[in-house]
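# Residue-level structural notes
Spelled out, the chains give:
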Amino acid sequence: FLVVGMLFGSDGLGLQFHDAKDAQFIGMVALSIILFSGGMDTKFREIKPILGPGIVLSTVGVLLTALFTGLFIWWLSGMSWTNIYLPITTSLLLAATMSSTDSASVFAILRSQKMNLKHNLRPMLELESGSNDPCSYMLTTIMLGLISGGKISAGAITYTVFAQIIYGVAIGALMAGITIFVLKKFQVTTEGFDTILVFAFVLLAYAVPSAVGGNGYLSAYLFGIVLGNADLDNKKSLVHFFDGVTGLMQMLVFFLVGLLAFPSALPAVVFPSLMIALFLTFVARPAVVCLLLTPFRSKWRQQILVSWAGLRGAASIVFAIMARSSGRVFEHDIFHMIFFIVLFSILLQGTLLPYVAKMLHMI
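Residues numbered from 1 in each chain as written. Predicted model: local features only at pLDDT ≥ 70, side-chain atom pairs only at ≥ 80, totals over all residues. Heavy atoms only, no water.

Let's shift gears to the overall build of the protein. The secondary structure content of the protein amounts to 16 helices and 0 strands. On C-alpha atoms alone, the protein measures out to a radius of gyration of 20 Å, which is about the 21 Å that the 2.2 N^0.38 rule sets for 363 residues. By principal-axis analysis of the C-alpha atoms, the protein measures approximately 65 × 50 × 45 Å. Per-residue burial over the protein gives 53% buried out of 363 residues. A separation threshold of at least 6 residues defines the contact pool for the protein, and within that pool the share at least 24 residues apart is 83%. (Helix = DSSP H or I, 4+ residues; strand = E, 2+ residues; numbered from the N terminus. Rg over C-alpha atoms; globule rule 2.2 N^0.38 Å. Buried < 20%, exposed > 50% of the residue type's maximum accessible area, 1.4 Å probe, protein only. Contact = heavy atoms within 4.5 Å.)

Here it is in structure tokens:
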């Protein structure tokens, strides 16, 4: 769908779509639905044994990945042979957009290949990829504030983090409670209306906390977890419906990004983008996984597989569009760098993930 978007775009058949703000709005709605669907498929009994390492990877792991990658990008951009220079704040912003793993891609690969992984790795990978987008979003927001508004006090950053987490959790749980109450107490006369009701509440679960400074992605994901583990009639049809919508949303995001991208601009950023992708895949991600999972007595085979499963995808693209739509941060180059890195990750890690799992004897 990335390729289809590029074929129809400005460098292809000439379909003009350059409004980054519209793309950001569509991407944010799509990502909230993707996260909700991932939450719906997450079972408490499966994630309970790996809750500790999963949460550590989705929070501290995102922070360390952004820090290591950002410092590398800053160092790399200072080399004369890269033909690109980025200040430290922009380097950290670029790293922040890529610091989370892509839930839709991880879920799709693990489930389409029916990969029953040892040591509860599948639920841990699903928990990490489903819950780390909110942290990446917070980092991206903070870095955008630093770049656009200059100095930001430690107190302001602390409040931002506090508001993002507390409002996101509280409103997500509240929306889930209201939805469960309505679904249990009221009967719909037409089959399928309950899916429309839940769809509307998903949008509210994202929009309400976002309006008051909370994290809409965290709210949507928690909303999905609570709803997915509740005893509801027609839950199976709800899950199937949102699995289909998730696929549609992922197609839409990648198609829009293909429209926004200029393939003719890619050759200029291939070298630095490839260097960043290689560092992120083979240095930053493995180092973070080793640092965080070793205290949990995770074996080296597990750590290698978790490292390889750190795919970048729709979330990175949405955050890149969000940064691009600010207008004051960067022009096309950095957007296309993220675009290239996402392509690299999907093609290499996504394609080889089942084979890596088999080679490590983790099936």
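Before going further, it helps to spend a moment on helix α13 (residues 270–293). An ideal rise of 1.5 Å per residue puts 34 Å on 24 residues; α13 measures up with 33 Å between its terminal C-alpha atoms. Of all the bends in α13, the greatest, near 40°, is centred on Leu280. (Expected span 1.5 Å × (residues − 1). Bend = angle between axes of the 7 residues up to and from the residue.)

Before going further, it helps to examine unusual backbone geometry. The backbone of His119 shows a phi angle near 60°, a positive value even though the residue is not glycine. One can find His119 in the loop between α6 (103–112) and α7 (121–131). By relative accessible area, which is 43% here, His119 ends up partly exposed. Non-glycine residue Arg297 carries a positive phi angle of around 60°. Its location among the elements puts Arg297 in the loop between α13 and α14 (300–308).

What follows covers helix α10 (residues 193–211). Under the 1.5 Å per step criterion, the end-to-end length of α10 is 27 Å for 19 residues, consistent within 8% with the ideal 27 Å. Along α10, the residues classified as buried are Asp194, Thr195, Val198, Phe201, Val202, Ala205, Tyr206 and Pro209. Downstream of α10 by one or two residues, Gly213 has phi in the positive range, about 95°.

On the secondary structure map, Arg285 appears in helix α13. We classify Arg285 as buried; its relative accessible area is 5%. A polar side-chain atom of Arg285 sits 3.5 Å from the main-chain carbonyl oxygen of Ser307. (Polar contact = N/O pair within 3.5 Å; in protein donor to acceptor, adjacent residues only side chain to side chain.)

Here we come to the pattern of salt bridges. Scanning the entire structure with this criterion turns up 2 salt bridges. Where Glu126 meets Arg122, a salt bridge forms, and the shortest distance between an N and an O atom there is 3.3 Å. Separated by 4 residues within a single helix, Glu126 and Arg122 lie in helix α7, roughly one turn from each other. Judged by its relative accessible area of 4%, Glu126 is buried. Note that Glu128 and Arg285 form a salt bridge whose closest N and O atoms lie 2.7 Å from each other. With a gap of 157 residues between them, Glu128 in helix α7 and Arg285 in helix α13 connect regions that are remote in the sequence. Pair check on accessibility: Glu128 and Arg285 agree, each one buried. (Salt bridge = Lys/Arg side-chain N within 4 Å of Asp/Glu carboxyl O.)

Another aspect to go through is the packing of helix α9 (residues 154–185) against α10. Put simply, α9 and α10 touch, their axes get as near as 9 Å, and they point 160° apart. The angle between α9 and α10 falls in the class roughly antiparallel. In the crossing of α9 with α10, the sense of the turn from one axis to the other is right-handed. The segment α9 lies against α10, with Tyr167, Gly168, Ile171, Met175, Ile178, Thr179, Val182 and Leu183 engaging Asp194, Leu197, Val198, Phe201, Leu204, Ala205, Val208 and Pro209. Taken together, the residues of the contact of α9 with α10 break down into 13 nonpolar, 2 polar and 1 charged. (Axes fitted to C-alpha atoms, helices over the stretch in contact; angles between N-to-C directions. Parallel < 35°, antiparallel > 145°, perpendicular 65-115°, else oblique. Left-handed = near helix turned anticlockwise from the far one by under 90°. Nonpolar A, V, L, I, M, F, W, Y, C, P; charged D, E, K, R; others polar.)

Summed over all chains, the structure comprises 12 aromatic pairs. With a centroid separation of 6.4 Å and 65° between ring planes, the pair formed by Phe8 and Phe255 is classed as edge-to-face. Residue Phe8 is found in helix α1 (residues 2–8), and its partner Phe255 is found in helix α12 (residues 235–260); the two are separated by 247 residues along the sequence. A residue is classified by how much of its surface remains accessible, and Phe8, at 37% relative accessible area, is partly exposed. A ring pair is formed by Phe36 and Phe223, whose centres lie 5.3 Å apart and whose planes are at 40°; its orientation type is tilted. Taken together, the positions of Phe36 in helix α2 (residues 20–40) and Phe223 in helix α11 (residues 216–228) put the pair 187 residues apart, joining distant regions of the chain. Each member of the pair, Phe36 as well as Phe223, carries the same accessibility label: buried. Each residue in the set Phe36, Phe199, Phe223, Phe241 and Phe242 is aromatic and connected to the rest through ring pairs, giving one cluster. (Phe/Tyr/Trp six-rings, centres within 6.5 Å; stacked < 30°, edge-to-face > 60°.)

A cluster of nonpolar side chains, contributed by Val3, Val4, Leu7, Phe8, Leu13 and Leu15, occupies part of the molecular surface with about 560 Å² of accessible area. Residue classification places Leu7 among the exposed positions, given a relative accessible area of 52%. (Patch = residues over 30% accessible without salt bridge, like charges linked within 9 Å, V, L, I, M, F, W, Y side chains within 5 Å. Areas by Shrake-Rupley, 256 points an atom, 1.4 Å probe, with all protein chains shown as cover.)

Positionally, Ser112 belongs in helix α6. On a C-alpha basis, the gap between Ser112 and Phe242 in space is 16 Å, while along the polypeptide they are 130 residues apart.

Note that all results are geometric; they support no functional claim without further evidence.
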